[in-house]
Amino acid sequence: MKNQGLAPLPARAHSQTFALSLTAAAVLAVLSGSALAQEAAKAESLDTVTVTGVRASLTKSLANKRTNDQVVESVVAEDIGKLPDNNVVEALQRVTGIQVTNRAGGEVGTISIRGLPDIATTWNGRNIFTASGTQVALQDIPSTLVRQIDVYKTRDAGQLENGIAGQIDVKSLRPLDFSGSKFSLLARETYLDPAKKANPQLSALASNRWKTDAGDFGALVNLSMVKTDYRNESVTPGAMVPFVSPNAAEVPAGYTPLQRVFDNNIWTPGTYTGLPQQAGSTLNFNGTARPYYLARDAVFQSDVQGERKRPAANVALQWQPNADAVYTFEAMYNGYRDKSFNRLLFSFVDWWGSLGSNPAGTITTFPGTNVIKTRTVNDVYGFNSGDYTTSATDSRILALNGKWNLGDRLRLDGDVSYQTSKFHSEFTATRIDRVAPSITVDFNSGGGNMAFKFNNNADLVDPAKWNVAQFYDNANRNEGSAGTASLNGVYDADWGPLKTLNFGARFDSRKASEANRTQSAFLGRNLASLGADYYHVNSNFGSDISDVPRSWIEPNAYFIRDNIDAWRKLYNSVDANFLTTDKLSLQKTFDVKEDTTNLFLMADTESQLFGRTLRANFGVRYVQVDTSMTAYAVDATTKVVTPTNGEKTARKFLPSLTLRYEPAKDVLVRFNYGETLRRPGFGDLNPVLQLSDDVSRVGYGGGGGGNPGLEPTRSKNLDLTGEWYFQKDSAIYGTVFQRKIEGLVVPLRRRVHVDPANDPFRNSTSGGDHTNGYDYVISSPVNASNGKISGLELGTVYFPKGLPGLLDGLGFQGSVTRLTSSQNVPTANSAGEIVSQLETPFFGVSKLSWNGTLAYEKGPVGARLSYVRRSAFLAANEAALFANPIGIWRQPEKSVDFQLTYNINDRMALDISGVNLTNEMQQQYYHFGDAGSPEITNFGTVQIGRAFSVGFRWKL
């Protein structure tokens, strides 16, 4: 098989071409570079080398890393299929510098490059996105549609400017990659625990090419369907709040023992370190210092049962009329369907009204602290909720590409594409409530896990004990589209040290919109009176977590959703403002149009330094972004919609520089400097204020709104890399890097007083008190922070030569990443004026992460054992309403995965795999500075479960 590129022209990045036998999707493909010049330059000079297995896959990844100007890591299709990876995110978790987290529903949900989540996502080099977002949900792309994934940690002026973390380019299969007809099937069954469900994955590929008098033609169709029935279990103690002492002699005037302190004149909610936790700490009550205790306001647990489907398709048509032209039409569709039923149990544990004669006897504290570890609370209010969410995504992209050789020196690459993406979701939640006689809680019964029980857990499944309360009925729709045209060129100048000129222009017109609706009402009927169809009891909850209730009753969200018209009419019968199905409609919140113009110019030079070749690439990219937005505000009383229009233009010049030097044979040193941007999210630009009620009873509500004046965040990036390729299939490499980031978008809070007419919770139509206004703490995004992230990466791929007997074929792939991050976070007064700055690490950045994979390939047997781990990291900040440290930290995360493949013959293979074999859990805790710890301020455990798969591959 020969590479089907154009006639060769000199290229600044060369890549070897291999004929690749895939067992993953049972497809044969060619590893080729991202530019046509790279593909063609080697086609005439290299013989075909047929290689298979993980060793071949890693060899090709190293070849791409070695020959690329930028710092890039690659995963080729052999890698994706040979490990238990069902989507692109999971396929990348063993790549140097990649960190993943938020595993739920049987898959990883979040990916970052060197700790940063802002990633430019591209498909065959084209920018792609999901709905109104700025990047695509990579987990929606099945791994069986992919031939290669490139992770660019640096970028030059010729690449997209967005994504300060880097770029992930997903390459799909094309028919001219193959020498003839190809057909393959993959069937995989995955068993998920704790769902205890088997889930099918099917994919098929058909490709062919024909030689005619008009040139070579090719057609390819690749289809995939993944279905997943999952279950997520979590147990969480609530946030911390202060209570007065249980000892009568220490109780302030006007309080009863162990009464919760709501008065914000006595304590300030939401401080960074929270209230002091040392035993004997005091608060000032009318000039008198009184001791206080800290305890959680609530306990809750969530049992989510869901079904997820991901249909996907890729179609490619190619025509190569001669050696100087190739035309490619390709289309991709990826869909997402999810239905989830969240069985929620929630109970307050902050009541003080019926503690009996000895309140001090109802609690214990962690030694040396004022933090309550165990307590018994009487007459506690609680609710269970049946939450049902349906969501769907449909994303499509159509593209036409042409590549031409014009004479001996000029090569052009033209591309036009159009994409659309729509996301729609509906959420309904019905609450049932009661007052339980008592609850006993241990906020850390061991291992950071909470345990609790009611006076009689049997009451949790008795419908007669529960009243039907609130019903929440929400929906939203996000849409996005883009038309893009680009023309890039490479000119073989050969003007002394200047070898090539690279130039190009790109125009992108992006549109996005969001719309939603929300309503709620209260019913007030006994659950048993509605009949057995309206309630549901779960079972076998949390057996691997702690001693908590295993079953409870909740509204049957499935039945309610199937009879939603009647359910809405029932609530309408007691609240005329609650709309029935025929009256519902979505209210648009904003429309955005964003036009982006890009121009770039780069030059490649070559010179000698100490007798060795020094190559340089330098360039500049000009970016102009013109944004126009219409935001829609709805009056809370009259429901009149008022549009607000705004426009903004941003212009940036982004330089780049790359130096490549080989001081010795097989040793490469490179230096990269580049600048990248993060554009504001469209939702962050929306100025309309959204208010939320004072559900935590702290004396003020919450809310947020966007800021149409936001500027792009800018990052200046430095990388220095050393690589030693001591064997064809083995290397050691390391990188030191730094990102200086200016204009980070952070939320800034201010307290405002809202007029009753504009208060959706306290105006006359909502039934609230409309005689006075109410205070809300509003959060809005601002470009008020700068940050820096720096680090070190070390990695290796090593297949020892000459191992004896059965050990021959053993190899190792591993890497370690060390990160340090900091950013300033502003603090504002009630007027919104910045009064101080605080230094904090970035969200999602682990100081240390590492992975290692033992690989074995011999005869028909292939096996890999993989270990991935990352250290603790700051995941988010708590709402500024409570007394605990504000940071929510994630405990260290790790996963052990395994895969075994047996090649039955050249056409058939069987594989067995497992993910998270040690059944690790995902845990969080409150922490800031020296305040908080996993033992005392633990905050929730998620049982993510294990997965076991059996797959069969067949190719023709």
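## A closer look at the overall build of the protein chain
Within the protein chain, the secondary structure is distributed over seven helices and 46 strands. On C-alpha atoms alone, the protein chain measures out to a radius of gyration of 30 Å, which is about the 30 Å that the 2.2 N^0.38 rule sets for 956 residues. Summarising its shape, the C-alpha atoms of the protein chain cover approximately 90 × 60 × 60 Å along the three principal directions. By residue count, 57% of the 956 residues in the protein chain fall in the buried class. Restricting to contacts in the protein chain with at least 6 residues of sequence separation, those with at least 24 account for 73%.

## What to know about the sheet that holds strand β14 (residues 240-244)
Across the sheet, which stays open at both edges, the three strands sit in the order β14-β16-β15 with antiparallel pairing between neighbours. Of all the strands in the sheet, the pair left with one neighbour each is β14 and β15 (282-285). Direction aside, neighbouring strands of the sheet carry axes that sit 50° apart on average. Bridge analysis of β14 against strand β16 (residues 288-296) gives five bridges, and the strand direction is antiparallel. Bridge pairing links Met240 to Arg296 in β16.

## Considerations on the side chain of Gln201
Take Gln201: it is sitting in strand β12 (residues 197-212). For Gln201, a relative accessible area of 2% translates into the label buried. Look past the residues within four positions of Gln201 in its chain and what remains in contact with it is Asn86, Thr144, Leu186, Ala187, Arg188, Met225 and Val226.

## A word on the environment of Val548
Mapped onto the secondary structure, Val548 falls in the loop between β25 (535-537) and β26 (553-555). Sequence separation between Val548 and Gly274 is 274 residues; the distance between their C-alpha atoms is 28 Å. Leaving out residues up to four positions away in the same chain, Val548 has contacts with Val235, Gln301, Met450, Ala451, Phe452 and Phe541.

## A closer look at unusual backbone geometry
Here the bond from Asp193 into Pro194 is cis, since omega is 20°, no more than 30 degrees from zero. Mapped onto the secondary structure, Pro194 falls in the loop between β11 (182-193) and β12.

## Quick word on the environment of Leu810
Relative to the assigned elements, Leu810 resides in strand β36 (residues 810-828). Between the alpha carbons of Leu810 and Lys211 there is a distance of 42 Å; along the sequence they are 599 residues apart.

## Structural notes on the packing of aromatic side chains
We describe a pair of aromatic rings using the distance from one ring centre to the other and the angle between the two ring planes. In total, this model carries 29 aromatic pairs according to the counting rule given. Arranged with centres 5.0 Å apart and planes meeting at 40°, the rings of Trp351 and Trp352 form a pair that is tilted. Using a relative accessible area of 35% as the deciding quantity, one classes Trp351 as partly exposed. Taking 5.9 Å as the distance between ring centres and 45° as the angle between the ring planes, the aromatic pair formed by Tyr571 and Phe578 counts as tilted. Accessibility assignment for this pair places Tyr571 and Phe578 in one class, buried. Members of the aromatic cluster, joined through ring pairs, are Phe471, Tyr534, Phe559, Trp567, Tyr571 and Phe578. In this structure, Lys65 packs its charged tip against the face of Tyr733, placed 4.4 Å from the ring centre. Directly above the ring of Phe383 sits Arg431, whose terminal nitrogen or CZ lies 3.9 Å from the centroid.

## Digging into the pairing of β11
Summarising the sheet, β11 and β12 pair through 11 bridges and their orientation is antiparallel. Looking at β12, one finds that Leu192 is bridged to Lys197. Counting the residues in the hairpin turn of β11 and β12 gives three residues, including Lys196, whose phi is positive at 55°. Pairing of β11 with strand β46 (residues 946-955), which is carried by 10 bridges, proceeds in the antiparallel orientation. Each bridged residue has a counterpart across the sheet, and for Leu192 the counterpart in β46 is Ala947.

## A short note on the sheet that holds strand β7 (residues 119-123)
The mixed open sheet is built from five strands, whose spatial order is β4-β9-β10-β7-β8. Both edges of this open sheet fall to β4 (72-76) and β8 (126-127), since each of them pairs with a single strand only. Sheet topology places β7 next to β8; two bridges connect them, and they run antiparallel. If you follow Thr122 over to β8, its bridge partner there is Asn127.

## Re helix α6 (residues 564-572)
Among all positions in α6, only Ile564, Trp567, Arg568 and Tyr571 are buried. The arc that holds the buried residues of α6, viewed along the axis, is 95°, so those residues lie on one side. Residues of α6 that are buried sit in contact with β21 (410-442), β23 (467-495), β24 (498-526) and α5 (557-562).

## Section: the pairing of strand β39 (residues 861-870)
Note: strand β38 (residues 848-858) against β39, 10 bridges, orientation antiparallel. Across the sheet, Lys858 pairs through a bridge with Val861, a residue of β39. Counted between consecutive antiparallel strands, the loop separating β38 from β39 contains two residues, among which Gly859 sits at a positive phi close to 60°. Judged from the 10 bridges that link them, β39 and strand β42 (residues 893-903) form a sheet pairing that is antiparallel. Bridge pairing in β42 links Leu865 to Phe898.

## As for the pattern of salt bridges
For the coordinates displayed, the defined rule picks out 54 salt bridges. The salt bridge partner of Glu161 is Arg679, with a shortest N-O separation of 2.4 Å. Of the two residues, Glu161 is situated in the loop between β9 (148-152) and β10 (166-171) and Arg679 in the loop between β30 (667-678) and α7 (682-685); the sequence distance between them amounts to 518 residues. With its nearest N and O atoms 2.9 Å apart, the salt bridge here joins Lys373 to Asp442.

## Section: the confidence of the model for the protein chain
Across the protein chain, the average pLDDT comes to 89, with 92% of residues at or above 70. For residues 1-51, every residue scores under 50 in pLDDT, and the model assigns this stretch 152 contacts once sequence neighbours within four places are set aside.

## Looking at the environment of Phe898
Tracing the backbone shows Phe898 in strand β42. Given a relative accessible area of 32%, Phe898 falls into the partly exposed group. Each C-alpha atom, one on Phe898 and one on Asn342, is 31 Å from the other, the two residues being 556 residues apart in sequence.

What counts and what doesn't
Residues numbered from 1 in each chain as written. Predicted model: local features only at pLDDT ≥ 70, side-chain atom pairs only at ≥ 80, totals over all residues. Heavy atoms only, no water. Helix = DSSP H or I, 4+ residues; strand = E, 2+ residues; numbered from the N terminus. Rg over C-alpha atoms; globule rule 2.2 N^0.38 Å. Buried < 20%, exposed > 50% of the residue type's maximum accessible area, 1.4 Å probe, protein only. Contact = heavy atoms within 4.5 Å. Pairing = 2+ DSSP bridges. Axes fitted to C-alpha atoms, helices over the stretch in contact; angles between N-to-C directions. Phe/Tyr/Trp six-rings, centres within 6.5 Å; stacked < 30°, edge-to-face > 60°. Lys NZ or Arg CZ within 6 Å of the ring centre and 35° of its normal. Arc of directions from axis to C-beta. Salt bridge = Lys/Arg side-chain N within 4 Å of Asp/Glu carboxyl O. pLDDT = per-residue confidence, 0-100.

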